[in-house]
Amino acid sequence: MNQEYDCIILGSGIAGLYSAIIAQQYGSVLILTKGNIDDCNTKYAQGGIASAIGPGDSTKYHLDDTLKAGAGLSDIKTVKILTDEGPYRITDLINLGVPFDTIHGDIALAKEGAHRFPRVLHAGGDATGQHIEATLTNQVRQNNITVMEHTLATNLLADSSGIIGVESLGMKDNQKHRFLSNAVILATGGAGHLFRHTTNPPVATGDGVSLAFNAGAQVMDMEFYQFHPTALRLPNAPTFLISEALRGEGALLRNVNGTIFMKHYDDMEDLAPRDIVTRAIVSEMRNTQSDHVNLDITHLPGKKIKNRFPTIYAFCMQYGLDITKMPIPVSPAAHYMMGGVKTTSRGETSLRNLYACGEASCNAIHGANRLASNSLLDTVVFARRVVEQIFHPPKKESNLTLDEDIYLISNEPTALSNIPELSLINLQNMM
Ligand code: FAD
Ligand code: SIN
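Residues numbered from 1 in each chain as written. Chains lettered and ligands numbered in written order. Predicted model: local features only at pLDDT ≥ 70, side-chain atom pairs only at ≥ 80, totals over all residues. Heavy atoms only, no water.

Q: Account for the sheet that holds strand β11 (residues 162–170), naming residues and giving values.
A: Taking strand neighbours across the sheet as the criterion, the four strands line up as β1-β12-β11-β10 in an open arrangement whose pairing is mixed. Each edge of the open sheet carries a strand with a single partner, namely β1 (3–4) and β10 (151–159). Across two bridges, the pairing between β1 and strand β12 (residues 176–180) is parallel. Among the inter-strand pairings, Gln-3 is bridged to a residue of β12, identified as Phe-179. Across the sheet, helix α5 (residues 207–215) lies against β10 and β11, angled at about 20° from β10, the strand it touches most. (Pairing = 2+ DSSP bridges. Helix = DSSP H or I, 4+ residues; strand = E, 2+ residues; numbered from the N terminus. Contact = heavy atoms within 4.5 Å. Axes fitted to C-alpha atoms, helices over the stretch in contact; angles between N-to-C directions.)

Q: Which residues make up the side chain of Asn-200, and what values go with them?
A: Examined against the element boundaries, Asn-200 turns out to sit in the loop between β13 (184–186) and α5. A distance of 3.1 Å separates a polar side-chain atom of Asn-200 from the backbone nitrogen of Gly-192. Every residue in contact with Asn-200, bar those within four places of it in the chain, is listed here: Asn-41, Ala-191, Gly-192, His-193, Tyr-225, Ala-334 and His-335. (Polar contact = N/O pair within 3.5 Å; in protein donor to acceptor, adjacent residues only side chain to side chain.)

Q: Help me get a handle on a nonpolar patch on the surface, residues and values and all.
A: Taken together, the side chains of Leu-194, Phe-195 and Phe-227 make up a nonpolar region of the molecular surface, amounting to roughly 270 Å² of accessible area. Within the fold, Leu-194 resides in the loop between β13 and α5. (Patch = residues over 30% accessible without salt bridge, like charges linked within 9 Å, V, L, I, M, F, W, Y side chains within 5 Å. Areas by Shrake-Rupley, 256 points an atom, 1.4 Å probe, with all protein chains shown as cover. Salt bridge = Lys/Arg side-chain N within 4 Å of Asp/Glu carboxyl O.)

Q: Could you give me a rundown of the packing of helix α3 (residues 76–96) against helix α10 (residues 375–391), with the residues and numbers involved?
A: Look at α3 against α10: their axes get within 8 Å of each other, and the N-to-C directions meet at 90°. The pairing of α3 with α10 is recorded here as roughly perpendicular in orientation. Residues Thr-78, Ile-81, Leu-82, Glu-85, Gly-86, Arg-89, Ile-90, Asp-92 and Leu-93 of α3 form the contact with α10, whose own contacting residues are Leu-377, Asp-378, Val-380, Val-381, Phe-382, Arg-384 and Arg-385. Looking at the contact of α3 with α10, its residues break down into eight nonpolar, two polar and six charged. (Parallel < 35°, antiparallel > 145°, perpendicular 65-115°, else oblique. Nonpolar A, V, L, I, M, F, W, Y, C, P; charged D, E, K, R; others polar.)

Q: Lay out the site of ligand 1 in plain terms, naming residues and giving numbers.
A: Taken together, 37 residues sit near ligand 1, with Thr-42, Gly-48, Asp-207, Glu-359 and Ser-375 positioned nearest. A distance of 2.9 Å separates an oxygen atom of ligand 1 from a polar backbone atom of Gly-47. Between an oxygen atom of ligand 1 and a side-chain N or O atom of Ser-375, the distance comes to 2.6 Å. Residue assignment for the shell around ligand 1 shows that the elements contributing at least two residues are α1 (14–23), β10, β18 (328–337) and α10. (Near = heavy atom within 4 Å.)

Q: Which residues make up the sheet that holds strand β17 (residues 293–296), and what are the values?
A: With antiparallel pairing, the four strands of this open sheet are ordered in space as β15-β18-β17-β16. Both edges of this open sheet fall to β15 (225–232) and β16 (252–254), since each of them pairs with a single strand only. The mean angle between the axes of side-by-side strands here comes to 45°, regardless of whether they run parallel or antiparallel. Direction of pairing for β16 relative to β17: antiparallel, over a ladder of three bridges. Counted as the bridge partner of Arg-254 is Asn-294 from β17. Against the sheet, helix α7 (residues 274–287) touches β15, β16, β17 and β18, its axis set at about 60° to β15.

Q: How would you sum up the nonpolar core? Please name residues and give values.
A: Among the nonpolar cores identified, the biggest contains 50 residues, and Ile-49, Leu-93, Phe-100, Leu-136 and Ile-185 are the most heavily contacted of them. Elements that contribute at least two residues to this core include exactly β2 (7–10), α1, β3 (29–32), α3, α4 (128–142) and α10. Per element, the largest residue contribution to this core is ten residues, and it comes from α10. Setting aside anything within four residues of it in sequence, one finds Leu-136 in contact with Ile-14, Leu-17, Tyr-18, Ile-21, Leu-93 and Leu-96. Judged by nonpolar contacts, the second largest core, of 30 residues, contains Leu-232, Ala-251, Ala-272 and Leu-300. (Core = buried A, V, L, I, M, F, W, Y, C linked by side-chain atoms within 4.5 Å. Buried < 20%, exposed > 50% of the residue type's maximum accessible area, 1.4 Å probe, protein only.)

Q: Give a detailed account of α3, specifying residues and quantitative values.
A: An α-helical segment advances 3.6 residues per turn. Residues three or four places apart therefore align on the same side. Taking 1.5 Å per residue, 21 residues should reach 30 Å; α3 reaches 29 Å between its end C-alpha atoms and fits that length. Within α3, the axis deviates most sharply at Gly-86, by approximately 45°, and proline Pro-87 lies no more than four positions further along. The buried fraction of α3 amounts to 17 of the 21 residues, a majority that puts the element mostly inside the structure. Its side-chain oxygen at 2.8 Å from the backbone nitrogen of Lys-77, Asp-75 defines the N-terminal cap of α3. Downstream of α3 by one or two residues, Gly-97 has phi in the positive range, about 115°. (Expected span 1.5 Å × (residues − 1). Bend = angle between axes of the 7 residues up to and from the residue.)

Q: Can you lay out α7 for me, pointing to particular residues and giving the numbers?
A: Spanning 14 residues, α7 covers 20 Å between terminal C-alpha atoms, matching the ideal 20 Å at 1.5 Å per step. For α7, the set of buried residues is Arg-274, Asp-275, Val-277, Thr-278, Ala-280, Ile-281, Glu-284 and Met-285. Lining the buried residues of α7 we find β15, α6 (245–248), β16, β17 and β18. After α7 finishes, the residue Gln-289 shows a positive phi value of roughly 50°.

This is the structure we're talking about:
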């Protein structure tokens, strides 16, 4: 017999888990995920999550920086939703228990490329994704949400009314199943493994785009794949991300001859938008006939490097590279899918009952180049809007546009059961 749920979510990264946590307040939820619950891009996020909550910053500046990084191809209306609603979703994450790093009791904010202010919240130094994934998984378990791990979604089921469910294959038992629902959310992440060098884990194979496309949904911006400028390039080591936050703390790119080069490419030098830095690195690699350039952070105190970047420090040490003493060989690697399944600002796809959020979706926020640390924010802002659209679609008021209407109902932090006390700071006081 086919099992029926009010909402089926494909994927268990930040998009899948966060939307499940909200959706379970309104109905039954099933998560299907093809690996272990934490096999996803989210777990590997290092730099953090951007939001304009710091002194002197504003959502307007965040919007401007996002549009500039997107090279003129972002949709200003959805970017405004992202930057305006971002601080409220950060409050949600804090309420859910994400342990963002603090300095003297205030949230610590880091700088990354193309952000004009320090506005990137992080956890465990450079282990932001690991903490987010663990916190949300814990909430999913506490709320008894059904999760089927090692279950690959293979097809979307449709009839004349639209999407009606999902067909899946058990990765361990080879069993096929059908699950029915009037709301299927694609939260299947990116597609880095289509490329030889990628920062993504093996589950990132673009399944959501393929499932949706095969079912007849529109996709967009698939030509824009972001290459992160700095992935580790060591013989015998995997393509491991070396966070942009190192450059935010002062690390400098040098070519293999030791020459600092970013000043020749952009006024923002090492903190230029990612696409510009990547192209500059490729150009330097060609000019020096090398397969890498070097990222040098050795001028900072060793203790600071180890405290701020414990994951990167430990990873490089496994391969005999002490980053407090030696420059890090790096080269660009496929990192983030700007395109995806085309959605409205409420996560609706072109197919009835099919929704998408997170890296699998595209609502033209990121344009041709995503601003650093905007992906985790994009995911939580729009995951919540998807769930609202499914369970509480807004009534359109005559003097508001639909987007403004949604915007009004979205601006309160999520109220959930099982929320730990707000332990860090009252974020509202900072805004
Ligand atoms: P994912 O977290 O990738 O989750 C996708 C889920 O879908 C997985 O559980 C996967 O197993 C499942 N799945 C896929 N296909 C199927 C299928 N057919 N059936 C069932 N399940 C399926 N962004 C930032 O904003 N800040 C950062 O600091 C940052 N650092 C990053 C560092 C690294 C190394 C990487 C790789 C990315 C980073 N990003 C960062 C990008 C960000 O992490 C991702 O864009 C974001 O986590 C995507 O979340 P998601 O839930 O959409 O997808
Ligand atoms: C990084 O830490 O450099 C990755 C940040 C991101 O992808 O947004």
